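Now for the letters of each chain:
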Amino acid sequence: DGLAAARPLLLSAIEHAAGDDALLARIFRELAWNANASTDLEDAFGYARRGLAHASRAGLDAGYADALAQVAFLRFAVGERLDRDALDTAVALDAAPDAGLSPTFIRGVLLLWAGDLTTARAVFETLDRRIRSCGESPIALTATWLAVIDLREGRWADAIKRLREARVSLQEFGFSQ
C-alpha cells in the first residue's frame with residue numbers, strides 16, 4: 001500500500017529537514033494528508049497543527065495558507081466547529097486557487113459539508129470558471145462537487161449533466177473509465 005509506505009519515509013525526512021521551517025511545514029502537511037487518507041484523523045490533525053506552526057515560522061504566505069486551510073479541514077473532520085475565520089484568512093492568502101487541495105477548494109468542500117450550499121456553489125463556480133479560462137487541469141473535480149450540490153438541491157438533470165462533463169474531462173486528461 002502506497003500510503004503505508006509513504007508515512008515512514010515522510011517521518012524520516014523530518015530529521016533531515018531540521019531547521020528548515022518551510023520544508024518541515026511541507027513534510028507535516030504531506031504527513032497530515034497521508035494520515036487523513038489512511039483515516040487516522042487524530043494523527044492527521046496533529047501533523048497539520050505542527051505543519052501550521054512551521055509554516056508560520058517560515059513566513060511564507062502560500063505555505064501558511066495551505067497549512068491553515070488543512071488545519072481547518074481536519075478540525076472539522078474530527079468533529080470540531082467549522083472555523084470560518086481561519087478559512088477566510090487562508091483563502092485571502094491563496095495566491096493560486098485551483099481544484100487541488102488549495103485553501104479555496106477546501107473552503108468549498110467544508111461549506112458543502114456544513115450545509116451552506118449557496119456559498120459552496122459560489123466557491124466551486126468561481127473555481128470552475130478559473131480552471132476553464134486557464135485550461136490548466138481537468139474540470140472533473142469542480143464539476144463533481146457542483147453535481148453533489150445539485151443533488152442536495154434536487155436538481156437531478158443538472159447533476160447528471162455535470163457528471164457526464166466530469167467523465168469526458170477525465171478521459172481528455174488520460175483517465176480511463
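Anything mentioned here points back to the structure above.
Since we're looking at a predicted model, the values are computed, not measured. (Residues numbered from 1 in each chain as written. Predicted model: local features only at pLDDT ≥ 70, side-chain atom pairs only at ≥ 80, totals over all residues. Heavy atoms only, no water.)

**Q** What should I look at first to understand the side chain of R121 in this one?
**A** Mapping R121 onto the fold places it in helix α7 (residues 117–134). What R121 contacts, discounting residues up to four positions off in sequence, is L146, I149, D150, E153, R155 and R162. (Helix = DSSP H or I, 4+ residues; strand = E, 2+ residues; numbered from the N terminus. Contact = heavy atoms within 4.5 Å.)

**Q** In this structure, what is going on with helix α9 (residues 156–172)? I would like to understand it.
**A** Every α-helical turn comprises 3.6 residues, leaving residues that sit three or four positions apart pointing alike. The end-to-end C-alpha distance of α9, which contains 17 residues, comes to 25 Å, matching closely the 24 Å that a straight helix rising 1.5 Å per residue would cover. For α9, the full list of buried residues reads A159, R162, A166 and S169. Looking straight down α9, one finds its buried side chains confined to an arc of 85°; they lie on one side. In α9, the exposed positions that point more than 90 degrees away from the buried face belong to W156, A157, K161, R164 and E172. Summarising the contacts, the buried residues of α9 are in contact with α7 and α8 (140–152). Directly beyond the C-terminal end of α9, a positive phi value near 90° is found at G174. (Expected span 1.5 Å × (residues − 1). Buried < 20%, exposed > 50% of the residue type's maximum accessible area, 1.4 Å probe, protein only. Arc of directions from axis to C-beta.)

**Q** What is the right way to read the packing of helix α6 (residues 103–113) against α8 from this model?
**A** The axes of two packed helices give the description: the angle between them and the distance between them. Axis separation between α6 and α8 bottoms out at 11 Å; the angle between their running directions is 15°. One finds that α6 runs roughly parallel with respect to α8. Handedness of the α6/α8 crossing: left-handed. For the pair α6 and α8, contact is made by F105, V109, L112 and W113 and by L141, W145, V148, I149 and R152, respectively. Considering only residue class, the contact of α6 with α8 consists of eight nonpolar, no polar and one charged. (Axes fitted to C-alpha atoms, helices over the stretch in contact; angles between N-to-C directions. Parallel < 35°, antiparallel > 145°, perpendicular 65-115°, else oblique. Left-handed = near helix turned anticlockwise from the far one by under 90°. Nonpolar A, V, L, I, M, F, W, Y, C, P; charged D, E, K, R; others polar.)

**Q** Whenever I open this one, the pattern of salt bridges confuses me. Can you help?
**A** Note that side chains of opposite charge can pair when their charged atoms are close. Applying the stated criterion to the full structure yields 15 salt bridges. Of the charged contacts, one joins R81 and D83 as a salt bridge, the two residues approaching to 3.9 Å between their closest N and O atoms. Linking R155 and D150 is a salt bridge whose minimum nitrogen-to-oxygen distance equals 3.8 Å. Judged by relative accessible area, which is 0%, D150 ranks as buried. Linked through salt bridges whose partners overlap, the residues forming this network are R121, E125, D150, E153, R155, D158 and R162. (Salt bridge = Lys/Arg side-chain N within 4 Å of Asp/Glu carboxyl O.)

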